[in-house]
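The residues making up each chain are set out below.
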Amino acid sequence: MRDQLISVIIAERPYRLTVSSEEEEEVFRKAAKLVEEKMKSYASNYAFRDKQDLLAMVNLQFAVEFLRLSNT
């Protein structure tokens with residue numbers, strides 16, 4: 001597969017990315033979907049001013065999970 005341009009939606013904004021394989025495309029699409037799901041979860045459980053607050057919390061959660069996994 002040649003490099004392909006794809007678009008994913010995060011926080012109601014499209015982001016264009018270049019991927020080099022179908023597997024890479026699938027990973028990016030799953031990741032974007034996971035971010036959206038986490039944002040919806042935070043939005044329904046916590047007070048927030050704007051989507052940036054939700055994105056910050058999701059980012060923090062993923063960073064903590066990454067650090068926990070990398071220390072094993």
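In case you missed it, the structure is sitting above this.
Figured I'd write up the structure that's included with this text. Model, not experiment: these values are computed from the prediction.

Cut-offs applied
For every chain, the first residue of the written sequence is number 1, and numbering continues from 1 onward in sequence order. Two thresholds apply to this predicted model, a pLDDT of at least 70 for residue-level local features and 80 or more for giving and counting side-chain atom pairs, whereas whole-chain, interface and lining totals are computed over all residues. Side-chain measures here rest on the full set of heavy atoms in the structure, leaving out hydrogens and waters. Here, patches come from residues exposed beyond 30% relative accessible area and free of salt bridges, joined within 9 Å for like charges and within 5 Å for nonpolar side chains (Val, Leu, Ile, Met, Phe, Trp, Tyr). Areas reported here follow the Shrake-Rupley algorithm with a probe of radius 1.4 Å; residue values treat only the protein chains shown as occluding. Salt bridges, as used here, are contacts in which a Lys or Arg side-chain nitrogen is within 4 Å of a carboxyl oxygen on Asp or Glu. Segments assigned H or I by DSSP are reported as helices when at least four residues long, segments assigned E as strands when at least two residues long, and all are numbered from the N terminus. Residue exposure (1.4 Å probe, protein chains only): buried if accessible area is under 20% of the type maximum, exposed if over 50%, otherwise partly exposed. Only strands that DSSP links by at least two bridges are regarded as paired with each other. Nine residue types can take part in a nonpolar core, namely buried Ala, Val, Leu, Ile, Met, Phe, Trp, Tyr and Cys, and a core is a set of them joined through side-chain atoms within 4.5 Å. Residue contacts are defined here by distance: any two heavy atoms, one from each residue, within 4.5 Å place the two residues in contact. In this scheme Phe, Tyr and Trp rings, the latter by its six-membered ring, pair at centre separations within 6.5 Å, and the angle between planes marks the pair as stacked below 30 degrees, edge-to-face above 60, and tilted otherwise.

A few words on a nonpolar patch on the surface. A surface patch of nonpolar side chains, amounting to about 240 Å² of accessible area, comprises Met57, Leu60 and Val64. Residue position: Met57 is located in helix α2 (residues 51–70). Residue classification places Met57 among the partly exposed residues on the basis of a relative accessible area of 39%.

Here the focus is the pattern of salt bridges. Oppositely charged side chains can form a pair if their charged atoms are brought close together. Throughout the structure, instances matching the rule amount to four salt bridges. Among the salt bridges present, the one from Arg29 reaches Glu25, with a minimum N-O distance of 3.0 Å. In this pair, Arg29 and Glu25 both sit in helix α1 (residues 22–45), four residues apart, roughly one turn of the helix. On the accessibility criterion, Glu25 (16% relative accessible area) is buried. Between Glu26 and Lys30 there is a salt bridge; the shortest N-O distance is 3.1 Å. With Glu26 and Lys30 both in helix α1, this residue pair falls four residues apart, about one helical turn. What makes Glu26 partly exposed here is its relative accessible area of 44%. For Lys30, a relative accessible area of 54% puts it in the exposed group.

With that settled, consider the pairing of strand β1 (residues 4–10). In this structure, β1 lies alongside strand β2 (residues 13–19), joined through seven bridges in antiparallel fashion. Within β2, the residue paired with Ile6 across the bridge is Leu17. Connecting β1 to the antiparallel partner β2 that follows it, the hairpin turn spans two residues, and Ala11 within it adopts a positive phi of roughly 55 degrees.

Okay, the nonpolar core next. Residues Ala11, Val35, Met39, Tyr42, Leu54 and Val58 constitute the largest nonpolar core, which totals six residues. Breaking this core down by element, the ones donating at least two residues are α1 and α2. Broken down by element, the residue count for this core peaks at three residues, all from α1. Here Met39 is in contact with Ala11, Lys51, Leu54, Leu55 and Val58, once residues within four sequence places are set aside.

So, on to the packing of aromatic side chains. Scanning the entire structure with this criterion turns up one aromatic pair. Between Tyr42 and Tyr46, the ring centres sit 5.6 Å apart and the planes meet at 35 degrees, which makes this aromatic pair tilted. Note on Tyr42: relative accessible area 15%, which makes it buried. Look at Tyr46 and you get exposed, because its relative accessible area is 53%.

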